[in-house]
Amino acid sequence: MTGPPGTGKTMAAISWATCGAAPGPIAWVTLQRGAERPEVFWPMVLSAFRRAGVAVSGDGDPVAALALHLTERAQPVVLVLDDLSLPADCEVNRDLGRLLRDTHAWLRLVVTARQDPPLPMRRYHLAQELTEVGVEQLAFSERETEQLLAQHKVSLSQASLRTLLARTEGWAAGLRLAAISLEGHPAPDEFVAHFAGDDNSVVAYLMEEVLDAEPEDRRRLLLATSVPERINAELATELAGPVAGRAFAAMVRDNAFAMRLDQGWYRFHPMFADALRLILRHEAPGHLAELDLRAASWFARTGDVHDAVWHAARAGAWPYAARLVVDHLEIGRLLGLRPDHVLGESLRAMPECAPQPEGAPEQAVVTAAMARAGGDEETCAAALDTASALIGRSPAAASPALRLAIGLVRLADPQPRDPDLSRNLTEVEGLLQETPAHSLDQHPEVEALVLAARGSLELRQGRLHEAVAALRAAIEPATRAGGECLYRQCLGQLALAEGLRGRPARACELAAQAEQLPEAGPAGRRGAASHLASAWVALQKVEPARAKQELARAHAAVRQCPDAVMAGLHALVGAQAKLLEGLPRQALEETRQVTQGPQWLRRRLLLLQSEAHALLGETAEARACAERAGDADDLRKPLALALAALSAGRPEEAVRAVHAVLAEPGLVPVDVRLDALLLDARLAYQGGDPSRGRRMLDRALRLGDREQALMPFARSKPWLQPLLRHDPYLVRPYLRFLARLRLTPESGEERLDATLYGRLSARELDVLQHLSKVMTTEEIAAQMYVSVNTVKTHLKSIYRKLAVTRRAEAVRRAKHLSLV
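Here we summarise the structure given alongside this text.

What counts, and where the lines are drawn
Every chain is numbered independently, its residues counted from 1 as its sequence is written. In keeping with the model being predicted, local features are shown solely for residues with a pLDDT of at least 70 and side-chain atom pairs are shown and tallied solely at 80 or more, while totals for entire chains, interfaces and linings include all residues. Values reported for side chains reflect all heavy atoms of the structure, with hydrogen atoms and water molecules removed beforehand. Think of it this way: a Phe, Tyr or Trp ring, Trp meaning its six-membered ring, pairs with another when their centres are within 6.5 Å, and the plane angle makes it stacked under 30 degrees, edge-to-face over 60, tilted otherwise. Strands here mean DSSP runs of E at least two residues long; helices mean DSSP runs of H or I at least four residues long; both are numbered from the N terminus. Accessibility here uses a 1.4 Å probe with only protein chains present; expressed as a share of the type maximum, an area under 20% marks a residue as buried, one over 50% as exposed, and anything in between as partly exposed. Criterion for a charge above a ring: Lys NZ or Arg CZ within 6 Å of the ring centre, and within 35 degrees of the ring normal. Only strands that DSSP links by at least two bridges are regarded as paired with each other. Axis definition: a line fit to C-alpha positions, over the contact stretch in the case of helices; interaxial angles, taken between N-to-C directions, run 0 to 180 degrees. Cysteine sulfur atoms are paired as a disulfide whenever they fall within 2.5 Å. Here, nonpolar core means buried Ala, Val, Leu, Ile, Met, Phe, Trp, Tyr and Cys residues that are tied together by side-chain atoms lying within 4.5 Å of each other. Contact between two residues is taken to exist if any of their heavy atoms lie within 4.5 Å; hydrogens are not considered. In the cavity and pocket records, a cavity denotes points on a 1 Å grid over the protein atoms alone where a 1.4 Å probe fits but cannot get out, a pocket denotes an open set with protein on both sides within 12 Å along at least 5 of 7 lines, and lining residues are residues with an atom within 4 Å of a point. Grid points are joined across faces, edges and corners, and a volume is the space filled by probe spheres set on the points. Any residue outside Ala, Val, Leu, Ile, Met, Phe, Trp, Tyr, Cys, Pro, Asp, Glu, Lys and Arg is labelled polar, Gly included; the first ten of those are nonpolar and the last four are charged. What the arc measures is the spread of directions leading from the helix axis to the C-beta atoms. If an angle is under 35 degrees, it is roughly parallel; if it is over 145, roughly antiparallel; if it lies from 65 to 115, roughly perpendicular; otherwise it is oblique. Crossing chirality is assigned from the near helix's rotation relative to the far helix, an anticlockwise turn below a right angle marking it left-handed and a clockwise turn marking it right-handed. In protein, a polar contact requires one atom able to donate a hydrogen and another able to accept it; more generally it is a pair of N or O atoms within 3.5 Å, and residues adjacent in sequence count only if both atoms are side-chain atoms. Throughout this description, the term salt bridge denotes a Lys or Arg side-chain nitrogen within 4 Å of a carboxyl oxygen of Asp or Glu.

1. Things to note about the packing of aromatic side chains
Evaluation of the coordinates by the stated rule reveals eleven aromatic pairs. Arranged with centres 6.0 Å apart and planes meeting at 70 degrees, the rings of W265 and W298 form a pair that is edge-to-face. You can see W265 sitting in the loop between β4 (258–260) and β5 (266–268) and its partner W298 sitting in helix α16 (residues 287–301), a full 33 residues away along the chain. Summarising the aromatic geometry, the rings of W265 and F299 are spaced 6.3 Å apart at their centres and angled 10 degrees between planes, so their arrangement reads as stacked. With W265 in the loop between β4 and β5 and F299 in helix α16, this residue pair connects regions lying 34 residues apart in the sequence. Both residues of the pair, W265 and F299, count as buried. When the ring centre of W265 is taken as origin, the NZ or CZ atom of R230, which lies over that ring, is 4.2 Å away.

2. Section: the sheet that holds strand β1 (residues 26–30)
Taken in spatial order, the three strands line up as β1-β2-β3 in an open sheet, and their pairing is parallel. Both edges of this open sheet fall to β1 and β3 (107–112), since each of them pairs with a single strand only. Pairs of neighbouring strands in the sheet enclose a mean axial angle of 15 degrees, with direction left out of account. The pairing of strand β2 (residues 77–82) with β3 spans six bridges and is parallel. Across the sheet, residue L81 finds its bridge partner in β3, namely V111.

3. A short note on the environment of S85
With respect to the helices and strands, the residue S85 is situated in the loop between β2 and α4 (91–103). Residue classification places S85 among the partly exposed residues on the basis of a relative accessible area of 49%. Taking the C-alpha atoms as reference points, S85 and A295, 210 residues apart in sequence, are found 33 Å from one another.

4. Focus: the state of the cysteines
Here a disulfide denotes a covalent bond joining the sulfur atom of one cysteine to the sulfur atom of another. The full count for this structure, using the stated rule, is zero disulfides. No disulfide involves C380; its sulfur sits 12 Å from that of C561, the nearest cysteine.

5. As for the nonpolar core
I331, V366 and L569 are the most contacted members of the largest nonpolar core, which has 200 residues in total. Leaving out residues up to four positions away in the same chain, L569 has contacts with L496, L500, L532, W600 and L601. Membership of the second largest hydrophobic core comes to 33 residues, among which are A67, L70, L84 and M121.

6. A look at the layout of surface pockets
Empty space within the second largest pocket amounts to approximately 1,100 Å³. As for the second largest pocket, its lining consists of 38 residues, of which L579, E611, L643, D675 and R715 are closest to the centre. Every element with two or more residues in the lining of the second largest pocket is listed here: α28 (484–500), α30 (528–540), α32 (564–580), α34 (599–615), α36 (636–647), α38 (670–686), α40 (711–715) and α41 (717–725). Taken together, the residues that form the lining of the second largest pocket break down as 25 nonpolar, six polar and seven charged.

7. Re the pairing of β1
In β1, alternate side chains face the same way, and those of A27 and V29 are buried while those of I26, W28 and T30 on the opposite face are not. Both β1 and β2 contribute to a ladder of five bridges, which runs parallel. Considered in β2, the bridge of W28 is made with V80.

8. Focus on the environment of S787
Relative to the helices and strands, S787 resides in the loop between α45 (777–784) and α46 (788–802). Between the alpha carbons of S787 and T777 there is a distance of 9.5 Å; along the sequence they are ten residues apart.

9. Here's the deal with α45
Listed as buried for α45 are T777, I780, A781 and M784. Around the axis of α45, the buried residues are gathered within 100 degrees of arc, so they sit on the same side. On its buried face, α45 sits against α44 (762–772), α46 and α47 (807–816). Looking one or two places after α45, you find Y785, whose phi comes out positive at around 60 degrees.

10. Focus on the packing of α44 against α46
Relative orientation of the contacting elements α44 and α46 amounts to 90 degrees, with a least axis distance of 10 Å. Classified by the angle between their axes, α44 and α46 sit roughly perpendicular to one another. Within the contact between the two elements, α44 uses R763, E764, V767, L768 and L771 and α46 uses H794, L795, S797, I798 and K801. Classifying every residue of the contact of α44 with α46 gives five nonpolar, two polar and three charged.

11. Notes on the packing of α34 against helix α35 (residues 619–628)
Two elements in contact, α34 and α35, have axes separated by 7 Å at closest approach and are oriented at 165 degrees. Taken together, the axis directions place α34 and α35 in an arrangement best described as roughly antiparallel. Once α34 is placed against α35, the crossing between them reads as left-handed. Residues L606, L607, Q609, S610, H613 and A614 of α34 pack against E621, A622, C625, A626 and R628 of α35. Of the residues contributing to the contact of α34 with α35, the split by class is six nonpolar, three polar and two charged.

12. Topic: the side chain of R636
Mapped onto the fold, R636 is located in helix α36. Taking relative accessible area as the criterion, R636 reaches 14% and is therefore assigned buried. In terms of polar contacts, R636 uses its side chain to reach the backbone carbonyl oxygen of L500, at 3.2 Å. A distance of 3.2 Å separates the side chain of R636 from the side chain of D671, its partner in a polar contact. Beyond its immediate stretch of four places on either side in the chain, R636 contacts L500, R501, G502, R603, R604, L607, P669, D671 and V672.

13. Quick look at the side chain of N93
For N93, the position within the fold is in helix α4. With relative accessibility at 7%, the residue N93 sits in the buried group. For N93, the residues in contact, after removing those within four places along its chain, are L86, P87, A88, P118 and L119.

14. Overview of the pattern of salt bridges
Under the defined criterion, the tally for this structure stands at 51 salt bridges. For R230, the salt bridge goes to D307, with nearest N and O atoms at 3.0 Å. Here D307 lies in helix α17 (residues 305–314) and R230 lies in the loop between α12 (216–225) and α13 (233–246), a separation of 77 residues in the sequence. Through salt bridges with shared partners, a single ionic network connects E214, R218, R253 and D254.

Keep in mind these numbers describe shape, not what the thing actually does.
Structure below.
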């Protein structure tokens, strides 16, 4: 059993020895100073054997005598060596190894020590003859800590208990000292909150047990290497000099409070390290800050910026700490674009930089980044102004890294103005061209932020295809960066862009991904786009309650961070929600509240107003709004004009406008094509052409099912429901899709109404009878004594009147109509 002093090794051995689990008599030896000499060690061992009832002669070679006696016994003997500490080259160590080899199964050896004894431990381990109990097994558990505190009549809250356990890492002596101090304490939870290795009782214990026994050079090395959280030989040399550095290996080997990490790194137990730092602070005031700066410089040279900043901050060297952040492109972490709590906590106490000539602009930029991440836009703006003022006094000092950091902070603005965003983005993209590629590879959050800003700018200016391309490109680096806030922002804006350009299925998929991520950052930050996308998707799925909820969240986000574009998009989606509810007047009021915004957005709002006017029967206003929207390349305007014409009672004009839209399938967005197909089907049915109406309706259902866009069908329900409920063959492939709108035929409604279709002539009925007998066109012509062309003419008329396109479908329809 190995572990630092105070871990309870001896108590654990005593508990085992007294529980009756030993295989034989137990000889217990508590070793003291001088035990490394054979003339002291072996008499103590032989005396312990005699006390255990194992009489061994002390004459001659004690090892040989003991080995001979033990091998003649029928029962093994247990030898406990408590607090064993032997030099590797001492004679006792060699004799002990010989005794173990000669006695083999007749001797069980139990050792408690501060470090591994100088025995062939790996050989015993490979032979499965060794059981090791280390610090992890000796550490107190939560339940054991509660029992210890109960012995001292101390009761702690569960949170304080866990804090105490984490701070001591289950170290028995530390817990016992804390329990003693807590006895009768008026505020035990408050005591635990401040209890650490610098507690007087802990420091006194560690000085007595560890430091006072160390030679002066080892003591200095321990104090110097306690400064960093982790230490290796190179860093020890940096802190304590070459001579002390060469003693590092022996120090970590001999000191049980030094715990091995990996690749040559070690750490001290946190309470031991706290105590060492307190002693260093008392014995050499000011030396601790100097050591912190040395550590910061060393970590910076080796590329470990986080530890470098932490040490610089602890030394109070704030300008140096800020310069490390800026020069190593770590500003994205402070902006919250990448998960990182260490860097922000290191700089939390940094004072604000005053705009004095000797001030450091890097410090002001770091303050701005942290304020932006925390939602304090006022402090962020003031800090950026300070940085600009300092750079203005000394433009030559503005390195590319500094200018890039300022640009990144500005790009993260949750409420940018388009001219500022465009200017900042252009500058940052130019600076990135000068940045080494390997540096950018290590900071994917920078690439993600720039691409997201480019996508946001394109979205705000209505260039939806370019916005989608940039935002798609931002997803991969945002994923690598691991920052949920930036990833959610990209997904939300991408979903919104896909929805605006008429791709419902893709928008639904992206919005679902965004909704799975938790909200990050202050309320309302970068949330408007995500909530608007979710509201738009809810409308497509005809979930008005959820749409209202998401619109309310988007409204709160826009109110938190005023943004004309997001406000306009909120009105656009909100008006669509009103139209879905059948409230065109309220939809008009929603859109008229928008007085600012880009031209493309105002155009969309005008087209929505045109639709609302058409639904209200205000045909002149509907046409005027559509005309005011101007020309466009997505054919939304002709569709709006078609609705206005239909509202005015001019179906022929509406048909021409709709056919113009459908004649350009490659240019029509999915949502526009879906609306056009439904309108064309409606016009065809009303115009006495059920065959075309049915074909258009089938195409609309196929497209709506593929894109999972229910909203156009929900808004068409008044004229669509009677048709679908009397046409089960059309509905059957889309039952699951239409069931969500309750547009499927209900029980007792599958009977078809013959009056819905055109009446068949006697000749057409005859042709239909022959069709039901699976006769060919030529056979029907011969049977009826007419030409083949005449039969084909009758077939075309039958297909049109029954609204079908194939023979088998015509026969099935005729049977349901009881025509055959």
